[in-house]
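Descriptive structure summary
Here's the letter readout for the chains.
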Amino acid sequence: SDSRKEVRLRALTALAWLRTKESSLALAAAVLSEKDPGLRRSAASALYSVEEILRRSDVTELLAKGLVDKDATVRIIFASLAPPEDATAMEVLRKDGLKHSDHHMRESVAQQLGERGDGSGESILIGLLSRTKAPALSGDAEFDEKLMAEGQARACFALGKIGSATARAALNRAATSRS
C-alpha cells in the first residue's frame, strides 16, 4: 500500500517468491486492486511463477474479476490461469491474446489454446514450427537454440492436440524436414 510504485512492485514480487497458497492468492488480489496500469501489468506477470499454486486453489472469484479487467494483458494472464473448460477465459485468449501487439504474447496464447485443443492459433503454431533459426534472445546462441527446440516441441504437442488436417500436415512436414 506504499505510495511509491517501485516499493509496491517489490512487495508484490516478494509475495510471488514466497510461493505459498496464501501469498499467491494475496498477489492475485493485489494485482486486481492496483491502480497504476503499468504496475498492474508488471505484477500480473508474476502470477505465472505461481500459476500451479493458483490452479490448485479456489480462485473462482479472482479469475472472474481478472477476466474482465480493463487491461488486455491482465485479462490474458488471468485467462491463462483459468481451467481449460472456462468459456470466458477461452474467449479472452482468442479475442485479446491472439491479437495482442507483442508477438511473444500471441505465441504463448496460441500455445495455450492449442494445448486446450482449440485451433484458433494454429497458424501461429505452424509459424513457430517452421522456424529454422533461433531468435537471438539471450546472447548465447546455444541456449537460444535450446529455447527454440523446446518451443517447437511444445508447438508439436499443441498441434497434435488440435489434430486438424492442417496441423497434421505441418507436423508431417516438420518430421520429414528434420530427418
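Above this text sits the structure in question.
Summarised in this report is the structure supplied together with it. As the structure is a computational prediction, the values presented were derived from the model and not from experiment. Note that residues are indexed from 1 along each chain, following the sequence as it is written. Whole-chain, interface and lining totals are the exception, using all residues; otherwise, since this is a predicted model, local features are given only for residues with pLDDT of at least 70 and side-chain atom pairs are given and counted only at 80 or more. In computing side-chain properties, one takes all heavy atoms of the structure into account and sets aside hydrogens as well as water.

The next subject is the overall build of the protein chain. Numbering goes from the N terminus for both helices and strands, where a helix is a DSSP run of H or I of at least four residues and a strand is a run of E of at least two. Scanning the protein chain from N- to C-terminus turns up 11 helices and 0 strands. Secondary structure of the protein chain in N-to-C order comes out as α-α-α-α-α-α-α-α-α-α-α. Taken along its principal axes, the extent of the C-alpha atoms in the protein chain is 55 × 40 × 30 Å. Residue exposure (1.4 Å probe, protein chains only): buried if accessible area is under 20% of the type maximum, exposed if over 50%, otherwise partly exposed. The burial tally for the protein chain puts 39% of its 179 residues in the buried class.

With that settled, consider the environment of Ala175. Within the fold, Ala175 resides in helix H11 (residues 165-177). Its relative accessible area of 49% is what places Ala175 among the partly exposed residues.

Take the pattern of salt bridges next. A side-chain nitrogen of Lys or Arg and a carboxyl oxygen of Asp or Glu constitute a salt bridge if their distance falls within 4 Å. Tallied over the entire structure, the rule returns 13 salt bridges. Between Asp36 and Lys5 there is a salt bridge whose closest N-O contact spans 3.7 Å. Within this pair, whereas Asp36 is found in the loop between helix H2 (21-33) and helix H3 (37-45), its partner Lys5 is found in helix H1 (residues 5-18), the two being separated by 31 residues in sequence. The exposure class of Asp36 is partly exposed, given its relative accessible area of 22%. If you follow the salt bridges from partner to partner, you end up with Glu91, Arg94 and Asp118 in one network.

The complete set of buried residues in helix H7 (residues 87-97) reads Ala89, Met90, Val92, Leu93, Asp96 and Gly97. Taken end-on, H7 shows its buried residues confined to a sector of 165°, consistent with a single buried face. Every exposed residue of H7 that faces more than 90 degrees away from the buried side is listed here: Ala87 and Lys95. Whether two residues are in contact is decided by their heavy atoms, any of which lying within 4.5 Å being enough. Buried residues in H7 make contact with helix H6 (72-81) and helix H8 (103-115). The N-cap residue of H7 is Asp86: its side-chain oxygen and the backbone nitrogen of Thr88 are 3.0 Å apart. By construction, the arc corresponds to the directions joining the helix axis to the C-beta atoms. Polar contacts, as counted here, are pairs of nitrogen or oxygen atoms within 3.5 Å of one another; within protein the pair requires one atom able to donate a hydrogen and one able to accept it, and residues that are adjacent in sequence qualify only if both atoms are side-chain atoms.

So far we have only geometry, and geometry alone does not tell us how the molecule works.
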